[in-house]
Amino acid sequence: MEVHWVYSSCDVSPGAGLGACLSESCSDPLLRVEAQTFLVVNDPDALDFTQFDYAGPPSDGGFHQLLALPTGTGTPVVFRGSTTGPSYTQAICSPLQVTWSVRPQCGRVDVSSLHRWAENGNIFDETEAHGVRQRVTAPELLAPTQ
């Protein structure tokens, strides 16, 4: 499974979907996504997903944050892109630009920690996997990689 933690420059509260990162007064936000791919395992010694949960409303009036990001899965590859919803293709681009930070190695996460996270009332209303856009393969749309 791949998890995306989305940060927005808009003054918004966490909620369901990317729309929670927008508001009427902030329709063109700066967005950053921290991404991690996980292998879900039945192993209590694997990562505990609740350690990456939402930390709650900020007490200092700052931005909403999560408790922590995964470590030990490599230095994130950072690049500019866009959102990844299934309604976008090589011909139809997302209007929202995103700075992506993608960890290059898969992390192992304990399935029971996912269950605990969901039972604790996840503020993002995540109940199922989301669709993604088709892979972009047109050379003129791809940046060189290193």
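These numbers come from a predicted model, not from an experiment.

The rules behind the values
Every chain is numbered independently, its residues counted from 1 as its sequence is written. With pLDDT at 70 or above as the cut-off, local features in this predicted model cover only qualifying residues; side-chain atom pairs require 80 or more to be listed or tallied, and sums for whole chains, interfaces and linings still use all residues. Note: side-chain values were computed over all heavy atoms of the structure, leaving out hydrogens and water. Whether two aromatic rings pair depends on their centres lying within 6.5 Å, for rings of Phe, Tyr and Trp, where Trp uses its six-membered ring; planes under 30 degrees apart make the pair stacked, over 60 edge-to-face, and the rest tilted. Secondary structure elements follow DSSP: runs of H or I no shorter than four residues count as helices, runs of E no shorter than two count as strands, and numbering proceeds from the N terminus. Burial here depends on accessible area, computed with a 1.4 Å probe over protein chains only, as a share of the maximum for the residue type. Under 20% is buried, over 50% is exposed, and the range in between is partly exposed. The working definition used for a salt bridge is a side-chain nitrogen of Lys or Arg within 4 Å of a carboxyl oxygen of Asp or Glu.

> Would you take a moment to explain the packing of aromatic side chains for this structure?
The tally for this structure, following the rule as stated, stands at seven aromatic pairs. Seen from their ring centres, Phe38 and Phe49 are 6.1 Å apart, and the 85° between their planes marks the pair as edge-to-face. Separated by 11 residues along the polypeptide, Phe38 in strand E2 (residues 31–41) and Phe49 in the loop between E2 and strand E3 (77–82) bring together distant segments of the chain. One exposure class covers both Phe38 and Phe49, and it is buried. Ring centres of Phe38 and Phe52 lie 6.2 Å apart, and the angle between their planes is 25°; on these two criteria the pair is classed as stacked.

> Where do I start with the pattern of salt bridges in this structure?
Opposite charge on two side chains permits pairing when their charged atoms draw close. Counting across every chain of the model gives four salt bridges. The salt bridge involving Glu34 is made with Arg32; its shortest N-O contact spans 2.9 Å. Note that Asp48 is salt-bridged to Arg116, the shortest N-O span being 3.2 Å. Here Asp48, found in the loop between E2 and E3, pairs with Arg116, found in helix H1 (residues 111–119); they are 68 residues apart in sequence, far enough to count as distant. One continuous salt-bridge network, built from bridges that share partners, spans Arg32, Glu34 and Arg103.

Just distances and angles here, no functional claims.
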